[in-house]
Each structure stands twice: as structure tokens, then as C-alpha cells.
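# Coordinate inspection notes
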Amino acid sequence: MNIKKFIRPNIAKLEPYSTARDEYKGGDIEIFLDANESPFGAPLNRYPDPRMTSIRERLSAIKGVEPSQIFIGNGSDEAIDLVYRIFCTPGEDSVAMIAPSYGMYKVAAATNDVAVKESLLDSEDFSFSVDKFLEIVDSTTKVVFLCSPNNPSGNLLPREEVEKVIKQFEGIVVVDEAYVDFCQDYYASFATQIGEYPNLIVLQTLSKAWGLAGVRFGLALASSDIVEVMNRVKYPYNINVLTQEAVERALCDSDTLKATIAHNNKERKILEEVVLSLSYVKKLYPSDSNFVLIKVDNATDLYNYLMQNGVIIRNRNSVVLCENCVRITVGTTSENRALCDLLSKYGN
Ligand SMILES: *Cc1c(COP(=O)(O)O)cnc(C)c1O
């Protein structure tokens, strides 16, 4: 499959902005007078490194892919928007996605004037069926979005089913793995298969298990052909100096990541046990992530009660297939205890 034919013609011939630092090839330069920066206030007086060479190398070792297969964005949201801008012609093309899923795919579709086709997951257990999904795809469909583990349902999509979509769909397949770090013991990411599938883009982020939602740092892992186009289209300095410094430090600290994952698995289990004992809980959906989705008698009432008691959760009542469902993130041990106490008192 040659992915070049999926790229919008204006993007295919785009000449990127060449930054002052792109031309600088290293060497013994001590005086930088090439970028009209202020000479005062180092290091924030300098533009950030647009290539992020050292971060890319560290990520390459962590993710098991080549540095040239890593796009770095200002959160995954930037990568999602770029996928639309690179592969979809506004007013003509469409994308396909599962429902319910992450809201940003639809917002980015709307801002780019791209039509959305949705295929409902199973209404009982949010399971995914490839044949049903591929029925909504037509000749205008350029990209499909799959989210695994899925937000808000929390479940992994079966690996074989996702693989069938990648093999059968004639276009770009985005697999959003924002929560995959939480299931690394029993589920292998699709990241290491980007060499095998030229139409695959795997999204990952430092916003969840890595604990860096505030710095805004997301990844798209894909063939170097796709990454090269994404790098041409992005703003040259999309990742600022402060973020790059914080990420360099965090990527050296895999102990914190492991501790966060272990904590999540332990506390999620505690939360699940409490939830299952409550008479007003109609359903607990199995989770492979750092949140649980539960169906209750009255989601809005539970949401309001918790808010009045200082705890905010996500009311998903108005989301398709999520009537009377709330999504609850796993917090610290004491936060989880406070939540469970309130859940046990509710309705009594
Ligand atoms: C949280 C989340 C992300 C992360 O987005 P960032 O912009 O990297 O913070 C991506 N996809 C899904 C499904 C998410 O839930």
C-alpha cells in the first residue's frame, strides 16, 4: 500500500517553513545571532529545538520504534487535527469511528469540515465487531479512528479485530492508545507493528500514566513517510522549552511510571469491589484503563450529590449507549477512599 495517494495534493507539495535552527548543523558555535532572539534571559530566550533529537532517541528506546517513526505533538489533540488536515479534503471526505468514543475526533472533524460516520459498539458490553464497522465505510472515507482501551467504555478492542481493520481498510487507520500503559502486562501495543502496516498511526500520550497532562505532549507513531509529512505540516516550534525540559526529566524515571500503573491496578480493584456492592449500581463495565464506567439508577442525581460533597466525576448520561452512566477516574488512595465512603452513603 502506497500511502502517498492518501495525502491531500496541496499537502503533498507543501514546502515547510525553514527555521534558523534547522539550518544550524551543530559544530562549535557559541554566538547565536541567527534567529532575532533576545540575548538576555537564557535558556528561555532561545527558540526550542524543532527536531527534539534527544527526546526522540529516548522515546525510541522506550517504545521500540525508530526515531524517524515518532511524531511529537502538543498533546495527542494536535496529532488528531493534523491527521484530518493531511488526509481529508474539507467538504468532500469522511472519516469513520466507533461510538461512543473520545469526543475530540468529532470536534476535529467539525473544525476541518469533514463528515463523520459512526458505528455503534455493542449496547450491552461495548464489544467491537469488524464486519459491522466496515459497513459504514465508503469511497469518501479516508481515515478510521479506533480507541483502545476505549474512552469512555474503558475496554480494549480485541487485537485480532483491530488488525482486521488495518488489513482490510483502504486508508489510514488511527489506533488511539492513550491508556495502553495501564495494560502493558497483558496487552502489547500496536506501536511495534507500524513497520508492518504503512497505513497505521498509533497515538500515545504522556497525559495519563506518565502523569504529564499539564505539559501537553502526545505522540503519533507511524511509518517515517507519514511522520515526515506530519512534521512538515506542524508549527515549527510546537513543543516549548519548558515542556521539553520536563519531558527529558520524566522519561528517565520509569520507576514513577511503574508505581503509577501498580497503584492504578490496586485502587481500581478496590473501587470496583465497592461499586459492585451498591444496590443502585446496575452495571460495572470491565476496565483496562485508569477509570471505570458504571451504570446507575440516576446518573445526574449521583453526579450532583458527589459534586455537592466536593468530588467531581464525569456524567456521561447524554452520550450514546451511556444512559445513566458515569465515568470515574482512579485517584490517590485517600481520594479513592473518600469517594467510596460517599458512594456507600448515597441513597441511604
Ligand atoms: C486523554 C486522552 C487522550 C490524550 O490527549 P492529550 O491531548 O495527549 O492530552 C487521547 N485520547 C484519548 C482517548 C484520551 O482519553
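Notes on the structure in this doc start here. (Residues numbered from 1 in each chain as written. Predicted model: local features only at pLDDT ≥ 70, side-chain atom pairs only at ≥ 80, totals over all residues. Heavy atoms only, no water.)

## Topic: the nonpolar core
Basically, it comes down to this: For this analysis, a nonpolar core means a set of buried residues of the types Ala, Val, Leu, Ile, Met, Phe, Trp, Tyr and Cys, connected via side-chain atoms within 4.5 Å. Buried, partly exposed and exposed residues are distinguished by accessible area as a fraction of the type maximum, computed with a 1.4 Å probe on protein chains only: under 20%, between the cut-offs, and over 50%, respectively. Each helix is a run of DSSP H or I of at least 4 residues and each strand a run of E of at least 2, with the numbering of both proceeding from the N terminus. Should any heavy atoms of two residues lie within 4.5 Å, those residues are counted as being in contact.
Grouped together as the largest cluster of nonpolar side chains are 55 residues, with contacts concentrated most on I72, F128, L146, V165 and F217. Among the elements that line this core, the one with the most residues is helix α9 (residues 241-251), at four residues. Once residues within four sequence positions are removed from consideration, L146 is found in contact with I98, F128, F133, L157, V162, V165, V173, V174, V175 and D176. In terms of nonpolar packing, the next biggest core, distinct from the first, is built from 33 residues, L82, Y84, M97 and V174 among them.

## Details of the packing of helix α4 (residues 76-87) against helix α5 (residues 104-111)
This is how it is decided: Orientation is described by lines fitted to C-alpha atoms, with helices fitted over the stretch in contact, and by angles between N-to-C directions that extend from 0 to 180 degrees. An angle below 35 degrees is treated as roughly parallel, one above 145 as roughly antiparallel, one from 65 to 115 as roughly perpendicular, and anything else as oblique. Crossing handedness: left-handed means the near helix sits turned counterclockwise from the far one by under a right angle, and right-handed means the same turn made clockwise. Put simply, Ala, Val, Leu, Ile, Met, Phe, Trp, Tyr, Cys and Pro go in the nonpolar bin, Asp, Glu, Lys and Arg in the charged bin, and everything else, Gly too, in the polar bin.
Running from N to C, α4 and α5 point in directions that differ by 45 degrees, and their axes come no closer than 9 Å. With respect to their mutual orientation, α4 and α5 come out oblique. By crossing handedness, the relation of α4 to α5 is classed as right-handed. Side by side, α4 and α5 meet where D77, I80, D81 and Y84 of the first sit next to M104, Y105, A108, A109 and T111 of the second. Looking at side-chain class alone, the contact of α4 with α5 contains six nonpolar, one polar and two charged residues.

## Quick look at the site of the ligand
Using the following cut-off: Any residue with a heavy atom positioned within 4 Å of a molecule or strand is treated as near that molecule or strand. For the purposes of these results, a polar contact is taken to be a pair of N or O atoms within 3.5 Å, where, inside protein, one atom must be able to donate a hydrogen and its partner to accept one; residues adjacent in sequence count only when each atom of the pair is a side-chain atom. To measure how exposed things are, a 1.4 Å probe is used in the Shrake-Rupley method; for residues, cover is taken only from the protein chains shown.
Neighbouring the ligand are 13 residues; D176, Y179, T205, K208 and R216 lie closest to it. A distance of 2.7 Å is found between an oxygen atom of the ligand and a side-chain nitrogen or oxygen belonging to S76. Here a nitrogen atom of the ligand sits 2.7 Å away from a polar atom, N or O, in the side chain of D176. Taken by itself the ligand offers 390 Å² of open surface, and the protein chains cover 94% of this. A breakdown of the residues in the shell around the ligand according to their chemical character gives four nonpolar, five polar and four charged.

## Concerning the side chain of T205
By the secondary structure assignment, T205 is in strand β6 (residues 200-205). Polar contacts involving the side chain of T205 include one to the main-chain amide nitrogen of S207, which spans 3.0 Å. Not counting residues up to four positions away in its chain, the partners in contact with T205 are S76, A178, D181, W210, F217 and G218.

## A short note on the sheet that holds strand β3 (residues 115-120)
Formally: A pair of strands counts as paired when DSSP detects no fewer than two bridges linking them.
With mixed pairing, the seven strands of this open sheet are ordered in space as β1-β7-β6-β5-β4-β2-β3. Each edge of the sheet is formed by a strand with only one pairing partner; in this case those strands are β1 (70-73) and β3. Across the sheet, the axes of successive neighbouring strands diverge by a mean angle of 20 degrees, strand direction being ignored. Helix α8 (residues 224-233) rests against β1, β5 (172-176), β6 and β7 (218-222) of the sheet, and its axis sits at about 140 degrees to β7.

## Details of the sheet that holds strand β10 (residues 314-315)
One open sheet accounts for four strands, arranged β8-β9-β11-β10; its pairing is antiparallel. Each of the sheet's edge strands pairs with one partner strand only, and the pair in question is β8 (281-285) and β10. Bridge count between strand β9 (residues 291-296) and strand β11 (residues 325-329): five bridges; the pairing is antiparallel. Considered in β11, the bridge of I294 is made with V326.

## A word on the pairing of strand β4 (residues 141-147)
Put simply, the rule is: For the handedness criterion, the strands are oriented away from the viewer, and a crossover whose path from the first strand over the helix to the second runs clockwise is classed as right-handed.
By the criterion of burial, β4 is predominantly enclosed, with six of the seven residues buried. For strand β2 (residues 94-99) and β4, the ladder comprises four bridges, and the chain directions are parallel. Considered in β4, the bridge of S94 is made with T141. Where β4 meets β5, five bridges bridge the pair, whose relative direction is parallel. Looking at the pairing, F145 lines up with V174 of β5. Considered for its hand, the β-α-β crossover made up of β4, helix α7 (residues 159-168) and β5 is right-handed.

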